[in-house]
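The residues making up each chain are set out below.
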Amino acid sequence: METNEHKKGVLITIIVGLLIFFPLTVSSLVLKNMKIETKKKMADNPNHEFFFNGSLYFYDETGELLGTYKCYTNECNYAKNKITDDKYSIDYYKEGGDYIPIINRNYVFLTDMDSHPFLYDLSSERTVTSYISVKDYGIGLENNYYIVENDQGLFGILSLENGPELKVPFNFDFLGVANFRNEEENKLMSDFFVGKKDSDWYLIDGNGATLTSVIDREIVTYNGKNIIVNDINGYELIDYKNMEVLENGPFEHLSFTGKYLNILTNTYEFYVYDLTKKEPISKTHDVKPTDSITSRINRDGKLEVVLNEKVVETVAIS
């Protein structure tokens, strides 16, 4: 004859079993239904078209379906980069594509009922949030950073490296990066961002920390120690405390080649300057206002002065 204690023990065992196995059963059914639904969607779009039967279909390079989006209009598509850097002096990347591709197999920026992009989660097939604009220069930024604009016209930095995270709040009237590429990743470096608030300029890092004093001129480009700035008077080289580094400025144009500085004076004399040794390392070349002149590092590690696409001087550098 069973005792009450024995009956209670059996009942507890049954309840514990249900608590363990019921969720597993439900999860298995959900996963099974998801797989069935995915197979159905793939069968509905046998040729893997991007836009098919009123929806967008997103596939990886192997043909695996990552997710779909049900369009409200026939104009739904990947979101386009909105690049306004040409309003300022920043030396930005100009050769990227128009559209922003799938990110980490899980996210995508889309447009549908208007031109404003929204972030869409492919795994859950839901909209995360929307923006006025987004840019990655058509090549991408390190750490899957994206410069986004809110409905008040202010810019921040969104990371999608490990899920959506606003790394820099919407505090800036402009944000951008200079044209420095990580060749291994084929993305733009994201160590530094150029930020503008009102009429003031700054360098910030990817977490929003300010790296410079207030700069009263537009930032063109930068390295780890110096910044090239520009205003109506011309180009200057300053340090991070907004102190001028070179005498005899302003200049007609300045640019970096690695640790070297290309200088074009107001009388159109060009030379390359070693910022470490604080002396010129090239000859002085007389040029015309219509000429194109710069320097580059060749495959042998030597510096070449290039005038109108022709090498006119080669310099051994250390």
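Residues numbered from 1 in each chain as written. Predicted model: local features only at pLDDT ≥ 70, side-chain atom pairs only at ≥ 80, totals over all residues. Heavy atoms only, no water.

Participant: Can you walk me through the side chain of Asp 60 in this structure?
Facilitator: Tracing the backbone through its elements, the reader meets Asp 60 in the loop between strand 2 (55–59) and strand 3 (65–70). Among residues more than four places away in sequence, those in contact with Asp 60 are Leu 66 and Arg 105. (Helix = DSSP H or I, 4+ residues; strand = E, 2+ residues; numbered from the N terminus. Contact = heavy atoms within 4.5 Å.)

Participant: It is not clear to me how the pairing of strand 25 (residues 293–297) should be interpreted in this structure. Could you clarify?
Facilitator: The side chains of a regular strand alternate, first on one face of the sheet and then on the other. With five bridges connecting them, strand 25 and strand 26 (residues 303–307) associate as antiparallel partners. Along strand 26, the bridge assignment pairs Ile 293 with Leu 307. If you look at the hairpin formed by strand 25 and strand 26, you'll find five residues sitting between the two strands, and Gly 301 has a positive phi there, around 80 degrees. (Pairing = 2+ DSSP bridges.)

Participant: What am I meant to see in the environment of Leu 66 here?
Facilitator: Counting through the fold element by element, Leu 66 comes out in strand 3. Accessibility expressed as a relative area gives 15% for Leu 66, which makes it buried. In this structure, the C-alpha to C-alpha distance between Leu 66 and Ile 102, residues 36 residues apart in sequence, is 9.7 Å. Setting aside residues up to four positions removed in sequence, Leu 66 forms contacts with Phe 58, Tyr 59, Asp 60, Ile 102, Arg 105, Leu 122 and Ser 123. (Buried < 20%, exposed > 50% of the residue type's maximum accessible area, 1.4 Å probe, protein only.)

Participant: What exactly am I supposed to notice about the state of the cysteines here?
Facilitator: Here a disulfide denotes a covalent bond joining the sulfur atom of one cysteine to the sulfur atom of another. Within the structure shown, the criterion is met by one disulfide. Disulfide pairing is shown between Cys 71 and Cys 76; the S-S distance is 1.8 Å. Judged by the sign of its S-S torsion, about 75 degrees, the cystine formed by Cys 71 and Cys 76 is right-handed. The pair Cys 71 / Cys 76 is uniform in exposure class, with both members buried. (Disulfide = S-S within 2.5 Å.)

Participant: Would you take a moment to explain the sheet that holds strand 25 for this structure?
Facilitator: Hydrogen bonds between backbone groups are what pair the strands of a sheet, and the pairing can be parallel or antiparallel. The strand order across the open sheet formed by three strands is 25-26-27, and the pairing between neighbours is antiparallel. The open sheet has two edge strands, strand 25 and strand 27 (310–315), and neither has a second partner. The sheet shows a mean angle of 25 degrees between the axes of neighbouring strands, taken without regard to direction. When strand 26 meets strand 27, the two strands line up antiparallel, connected through five bridges. Bridge pairing in strand 27 links Leu 303 to Val 315. (Axes fitted to C-alpha atoms, helices over the stretch in contact; angles between N-to-C directions.)

Participant: Please explain the pairing of strand 18 (residues 226–231) as it appears in this structure.
Facilitator: Burial within strand 18 is extensive, with five of its six residues counted as buried. Where strand 17 (residues 218–222) meets strand 18, four bridges bridge the pair, whose relative direction is antiparallel. Bridge assignment links Thr 221 to a residue of strand 18, and that residue is Ile 228. Hairpin remark: strand 17 followed by strand 18, antiparallel, with three residues in the connecting loop. Summarising the sheet, strand 18 and strand 19 (residues 234–239) pair through six bridges and their orientation is antiparallel. For Ile 228, the partnering residue across the bridge sits in strand 19 and is Leu 237. Linkage of strand 18 to strand 19, two consecutive antiparallel strands, is achieved through a turn of two residues.

Participant: Before we go on, may I ask you to explain the pattern of salt bridges in this structure?
Facilitator: In a structure, side chains of opposite charge can pair up when their charged atoms sit close to one another. Counted under the stated rule, the structure contains nine salt bridges. Lys 94 serves as the salt-bridge partner of Asp 91, at 3.8 Å between the closest nitrogen and oxygen. Notably, a salt bridge pairs Glu 304 with Arg 296, separated by 2.8 Å at the nearest N-O pair. Assessed through its relative accessible area of 11%, Glu 304 is described here as buried. Because the salt bridges share partners, they merge into one network encompassing Asp 60, Glu 64 and Arg 105. (Salt bridge = Lys/Arg side-chain N within 4 Å of Asp/Glu carboxyl O.)

Participant: Explain the nonpolar core to me, please; I cannot follow it from the model alone.
Facilitator: Generally speaking, a soluble globular protein has its nonpolar side chains buried in company with each other. One finds Tyr 137, Ile 219 and Ile 227 to be the most contacted residues of the largest nonpolar core, which totals 30 residues. Mapped by element, the contributors of at least two residues to this core are strand 9 (145–149), strand 10 (155–159), strand 11 (165–172), strand 12 (174–176), strand 15 (193–197), strand 16 (200–204), strand 17 and strand 18. Once you skip the residues sitting within four places of it in the chain, Tyr 137 turns out to touch Asn 81, Ile 83, Asp 85, Tyr 92, Tyr 93, Gly 96, Ile 147, Leu 175, Gly 176, Val 177 and Leu 188. (Core = buried A, V, L, I, M, F, W, Y, C linked by side-chain atoms within 4.5 Å.)

Participant: It is not clear to me how the packing of aromatic side chains should be interpreted in this structure. Could you clarify?
Facilitator: Geometrically, a pair of aromatic rings is defined through the distance of the ring centres and the angle of the planes. Counted according to the given criterion, the structure contains 16 aromatic pairs. Measuring from ring centre to ring centre gives 6.4 Å for Tyr 92 and Tyr 137, while their planes differ by 40 degrees; the resulting arrangement is tilted. You can see Tyr 92 sitting in the loop between strand 4 (77–78) and strand 5 (107–111) and its partner Tyr 137 sitting in the loop between strand 8 (133–135) and strand 9, a full 45 residues away along the chain. Clustering of aromatic rings is evident, with ring pairs tying together Phe 50, Phe 58 and Tyr 78. Across the ring face of Tyr 92, the terminal group of Lys 94 is positioned such that the distance to the ring centre comes to 4.4 Å. Its end group placed over the ring of Phe 172, Lys 197 keeps NZ or CZ at 4.9 Å from the ring centre. (Phe/Tyr/Trp six-rings, centres within 6.5 Å; stacked < 30°, edge-to-face > 60°. Lys NZ or Arg CZ within 6 Å of the ring centre and 35° of its normal.)

Participant: Would you take a moment to explain the environment of Ser 292 for this structure?
Facilitator: Along the chain, the position of Ser 292 falls in the loop between strand 24 (285–286) and strand 25. Once the C-alpha coordinates of Ser 292 and Leu 307 are considered, the two residues, 15 residues apart in sequence, prove to be 5.8 Å apart. Among all residues touching Ser 292, those that are not within four sequence positions of it are Val 306, Leu 307 and Asn 308.

Participant: Looking at this structure, I do not really get unusual backbone geometry. What am I missing?
Facilitator: Outside of glycine, negative phi angles account for most residues, and trans bonds account for most peptide bonds. Omega for the peptide link from Gly 249 to Pro 250 comes to 0 degrees, which places this bond in the cis form. Note on placement: Pro 250 falls in the loop between strand 19 and strand 20 (253–257). Of note in this structure, Arg 105 is not a glycine but carries a positive phi near 65 degrees. Topologically, Arg 105 is positioned in the loop between strand 4 and strand 5.

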